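Remarks on the overall topology
What follows is each chain in one-letter form.
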Number of protein chains: 2
Amino acid sequence: MHKYENISAPVIKRLPRYYRFLGELMDNGITRISSKELSAKMGLTASQIRQDLNCFGGFGQQGYGYSVEGLYNEIGHILGLDHSYRTILIGAGNLGKAVATHMSFEKRGFKLVGIFDNDKSKVGSVIRDIAVTDLDDLEDFCKDNAADVAIFCVPKYAVASIADRLYKLGIRNFWNFSHYDLSVRYDDIIVENVHLNDSLMILCYKISDAHDEPENDQRNNKS
Amino acid sequence: MHKYENISAPVIKRLPRYYRFLGELMDNGITRISSKELSAKMGLTASQIRQDLNCFGGFGQQGYGYSVEGLYNEIGHILGLDHSYRTILIGAGNLGKAVATHMSFEKRGFKLVGIFDNDKSKVGSVIRDIAVTDLDDLEDFCKDNAADVAIFCVPKYAVASIADRLYKLGIRNFWNFSHYDLSVRYDDIIVENVHLNDSLMILCYKISDAHDEPENDQRNNKS
């Protein structure tokens, strides 16, 4: 049985942010913090924070605030960051290269063990001390190096066939930057999507909605 | 007054996905689709889709389904994608380069007009037909080229001072890839965050929670 099965999805979604803030506090040598101080830093209400942190024991003492390191470690445990899931990256283009070089996988519970591309000119080039492997060798590589997680940084049209190969290899966990909806294709996989185009459209909505231009309304009235 | 002020945030969040799917249907020459067909493609229930689309007029006719192009254009209007917000990108590293080359800004309501970096070795290099400008020239550039939106692809420690400069220049809209929480610093700005580390931690949680290893529980019991 899991200790934290009572934590709601919205609280889970906030945990990475708590984890980042608490990490900064530790870097700054701060050992205890009150929910009021934390709320000021994070732009949440103190009661919201107390509610969230009470979901998993709290670590708060009346008048003493929270143990920064205690909370940090506990949230890390809850997120499972002390794992080291063996991860392969599919796609060594601009986005794949950015993800490979930009992310601190080890601190987030993952270990990048392979990078693949079907572009022969990229094969052999080294990114983050990993030589890019020919996508044709995916099966051989995965037989020799069991992988738990695959990251998709390839165009949408390329995803389905590669996803089928990875699924056959037993990989069920995906960090998906493509706009292919993997969870529609497979119902027994775990997917976390990063849909940059969707995020950009949401920004466009927020800006347009806030400015609410006259021509926008004329256009809407016409439609 | 805005025509669509009754649309709830969760519906708004689903609109980009609808928009993508409808765009594909148009590419495939499909002119009408039933909520049942759309639900099968999108992994939502037909009633969920009917509820969502009814929020803004529906475009559905009993027995005829939805007009694909009508819905596509309407959702595009709601999202404000027929704008062309003048956008600058701060940071021409791996991530900035990936964002600049990877995103179809024009189709999402934005126009990339400038790219900035403080690394002199990057200044002058051309990304997506735009020469990288020295960050020192940000003020001069923005006086000559009004910008509506800034994209942050710089490390967290660099954000605050650049954000202050952009704020002074009147920029209030941000697409933020850094882990700096801009909305805590300013309360009158529009921010859409892409926090890749948070997304990776959520994936780690989903995997750990699903597998729920024994040693995980032992560890939790110890804590």
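Residues numbered from 1 in each chain as written. Chains lettered and ligands numbered in written order. Predicted model: local features only at pLDDT ≥ 70, side-chain atom pairs only at ≥ 80, totals over all residues. Heavy atoms only, no water.

Moving on, we come to the overall build of chain A. If you tally the helices and strands in chain A, you get ten helices and ten strands. For chain A, the proportion of its 223 residues judged to be buried stands at 54%. In chain A, once contacts between residues fewer than 6 apart in sequence are set aside, the share between residues at least 24 apart is 58%. Accessible area for chain A stands at about 10100 Å²; split by element, carbon and sulfur atoms hold 49% of it. (Helix = DSSP H or I, 4+ residues; strand = E, 2+ residues; numbered from the N terminus. Buried < 20%, exposed > 50% of the residue type's maximum accessible area, 1.4 Å probe, protein only. Contact = heavy atoms within 4.5 Å. Areas by Shrake-Rupley, 256 points an atom, 1.4 Å probe, with all protein chains shown as cover.)

Turning our eyes to something else, we now look at the packing of aromatic side chains. Residues and elements named next belong to chain A. This model, assessed by the stated rule, comprises twelve aromatic pairs over all chains. Summarising the aromatic geometry, the rings of Y19 and Y72 are spaced 4.1 Å apart at their centres and angled 15 degrees between planes, so their arrangement reads as stacked. Taken together, the residues Y19 in helix α1 (residues 9-27) and Y72 in helix α4 (residues 68-79) connect sequence positions 53 residues apart. Since its relative accessible area comes to 9%, Y19 is described here as buried. (Phe/Tyr/Trp six-rings, centres within 6.5 Å; stacked < 30°, edge-to-face > 60°.)

To continue, consider the confidence of the model for chain A. Residue and element names in this part refer to chain A. Averaged over all residues, the pLDDT of chain A equals 88, while 88% of them reach at least 70. This model gives residues 214-223 a pLDDT under 50, and the stretch forms 15 contacts once residues within four places in sequence are excluded. Two summary scores accompany this predicted model of the complex, namely pTM at 0.86 and ipTM at 0.90. (pLDDT = per-residue confidence, 0-100.)

With that settled, consider the nonpolar core. With 102 residues, the main nonpolar core has W175(A) and W175(B) as its most contacted residues. Once residues within four sequence positions are removed from consideration, W175(B) is found in contact with L196(A), S199(A), L200(A), L203(A), V99(B), M103(B), F105(B), A150(B), I151(B), F152(B), E192(B) and V194(B). (Core = buried A, V, L, I, M, F, W, Y, C linked by side-chain atoms within 4.5 Å.)

All names here are of chain A. Here helix α9 (residues 196-211) contains 16 residues, and its C-alpha end-to-end distance of 23 Å stays within 8% of the 22 Å for a straight helix at 1.5 Å per residue. Counting buried residues along α9, twelve of its 16 residues qualify, which places the element largely inside the surrounding structure. Residues of α9 that are buried include every one of L196, N197, D198, S199, L200, M201, I202, L203, C204, Y205, I207 and S208, and no others. (Expected span 1.5 Å × (residues − 1).)

A few words now on the sheet that holds strand β8 (residues 149-152) of chain B. Residues and elements named next belong to chain B. Read across the sheet, seven strands follow the order β6-β7-β5-β4-β8-β9-β10 without closing on themselves; strand pairing throughout is mixed. Each end of this open sheet is capped by a strand with a single partner; those strands are β6 (126-127) and β10 (190-193). Direction of pairing for β8 relative to strand β9 (residues 173-176): parallel, over a ladder of four bridges. Its bridge partner lying in β9, A150 is registered against F174. Against the sheet, helix α7 (residues 156-168) contacts β4 (85-90), β8 and β9, and its axis sits at roughly 175 degrees relative to β8. (Pairing = 2+ DSSP bridges. Axes fitted to C-alpha atoms, helices over the stretch in contact; angles between N-to-C directions.)

The next subject is unusual backbone geometry. In terms of backbone geometry, most residues other than glycine have negative phi values and most peptide bonds are trans. The phi dihedral of D129(A) falls on the positive side, at around 65 degrees, and the residue is not glycine. Position of D129(A) among the secondary structure elements: in the loop between β6 (126-127) and β7 (130-134).

On to the relation of the copies chain A and chain B. Superposing chain A onto chain B requires a rotation of 180 degrees together with a translation of 0.0 Å along the rotation axis, leaving an RMSD of 0.0 Å. Both copies of the chain, as the preceding transformation shows, are related through a two-fold rotation axis. Both copies present the same face, since 100% of the interface residues in chain A are matched by interface residues at the equivalent positions in chain B. (Least-squares fit on C-alpha atoms with pLDDT ≥ 70 in both.)

Bring the parts together and some accessible area is lost; that lost area is often taken as the interface size. The partner chain B presents 75 residues to the 75 residues of chain A that form the contact. Surface buried jointly by chain A and chain B totals about 6800 Å² across both partners, of which 61% is contributed by carbon and sulfur atoms. Among the residues of chain A in contact with chain B, L200(A), M201(A) and Y205(A) are the three that bury the most area, contributing 10% of the side total. Summed over the shared surface of chain A and chain B, the result is ten salt bridges. The salt bridge partner of K156(A) is E24(B), with a shortest N-O separation of 2.1 Å. Across the contact surface, chain A and chain B share 27 residue pairs in polar contact (both at pLDDT 80 or more). Among the elements of the structure, α1, α2 (35-42), α4, α5 (94-102), β9 (173-176), β10 (190-193), α9 and α10 (214-222) of chain A are those that each provide at least two residues to the side of chain A that touches chain B. Per element, the largest residue contribution to the side of chain A that touches chain B is 16 residues, and it comes from α9(A). Among the residues forming the side of chain A that touches chain B, the class breakdown is 34 nonpolar, 21 polar and 20 charged. (Buried area = accessible area lost by both parts, 1.4 Å probe. Salt bridge = Lys/Arg side-chain N within 4 Å of Asp/Glu carboxyl O. Polar contact = N/O pair within 3.5 Å; in protein donor to acceptor, adjacent residues only side chain to side chain. Nonpolar A, V, L, I, M, F, W, Y, C, P; charged D, E, K, R; others polar.)

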